[in-house]
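# Examining the three-dimensional arrangement
Single-letter residue listing:
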Amino acid sequence: MTVPPSPPAPKKKDHRVQIVVAVIGACAAILAALIPVVVSRFGDPEPPTPSPTAVAAVTTATPSGEDPPPSEDPPSGEETPSGDDTSSGDDTPETTPPGPDPALAVPQDYRGSWSGQVDWRPPLQGSYSTTLTISAGSVGAMVGQFSVEGDTCRGALWLESGGGPIVLRLKTTYDGGGCSSLADVKLTLDDDGDLRYELIAAQFPQGFVNQPAPPAVGTLTED
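Summarised in this report is the structure supplied together with it. These numbers come from a predicted model, not from an experiment.

Cut-offs and rules
Residues numbered from 1 in each chain as written. Predicted model: local features only at pLDDT ≥ 70, side-chain atom pairs only at ≥ 80, totals over all residues. Heavy atoms only, no water. Helix = DSSP H or I, 4+ residues; strand = E, 2+ residues; numbered from the N terminus. Buried < 20%, exposed > 50% of the residue type's maximum accessible area, 1.4 Å probe, protein only. Contact = heavy atoms within 4.5 Å. Disulfide = S-S within 2.5 Å. Salt bridge = Lys/Arg side-chain N within 4 Å of Asp/Glu carboxyl O.

## With respect to the side chain of Thr130
- Relative to the elements of secondary structure, Thr130 occurs in strand E2 (residues 127–134).
- Note on Thr130: relative accessible area 2%, which makes it buried.
- Those residues within four positions of Thr130 in sequence are excluded, and the remaining contacts are Trp114, Ser115, Gly116, Val118, Ser147, Val148, Tyr197 and Leu220.

Put into structure tokens, the structure is as follows:
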């Protein structure tokens, strides 16, 4: 067995190196403290403190890139709907009620065939018999036929006024002698169901007759 070698003698520490490292560390700490101060002195100046007016303007400004908040007032041209108003679109359009049936211008009680005697009033003299056949129709339309003295005179009835009483215009289409060319007659339904016949005016070859008013009257009964 051999004898182990002796351990080498420990090296002595170099205190000069430790001193240099310590000096470098101290310089680094001093520089780290001085750099912010130097930068702050030679950098951009601090912004001034805003005045109250500027603060107010900033608080009311709209941030960049954001949409402005909705306005409390309704957009121009629009009205805020009221709970009491009814939308015009929901209103039912008004319609004009239909007028009376033109056929009703001659009431039902006036329709049919009527005959009777008509007397001229003084100072006129005489009388004549007549027959009227009346049907439904509107004002201005032909509503029947008439004949006088059997068939001496005959023609068409035209409605001048309806509803009851009614006014008929007699237009002669056949003249057997002494007939009027035109005549207006008013008919009124009485309580007995007969027609009161009143000649308003008549045009004869000899002249126009309208006096006394009415020139001739009579009563017609339904056939």
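## Considering the state of the cysteines
- Under the definition given, this model contains one disulfide.
- Each sulfur in the disulfide pair Cys153 and Cys179 lies 1.5 Å from the other. Between Cys153 and Cys179, the S-S torsion sits near -85°, and that sign places the bridge as left-handed. Of this pair, Cys153 sits in strand E4 (residues 153–161) while Cys179 sits in the loop between strand E5 (166–175) and strand E6 (182–189), placing them 26 residues apart in sequence.
- For Cys179, a relative accessible area of 2% translates into the label buried.

## Quick look at the pattern of salt bridges
- Inspection of the entire model under this criterion finds three salt bridges.
- Measuring nitrogen to oxygen at the nearest pair gives 2.9 Å for the salt bridge that ties Asp151 to Arg154.
- Taking relative accessible area as the criterion, Asp151 reaches 42% and is therefore assigned partly exposed.
- The residue Asp184 makes a salt bridge to Arg169 at a minimum N-O spacing of 2.8 Å. In this pair, Asp184 sits in strand E6 while Arg169 sits in strand E5, placing the two residues 15 residues apart along the sequence.
- Judged by relative accessible area, Asp184 falls into the buried class, the value being 18%.

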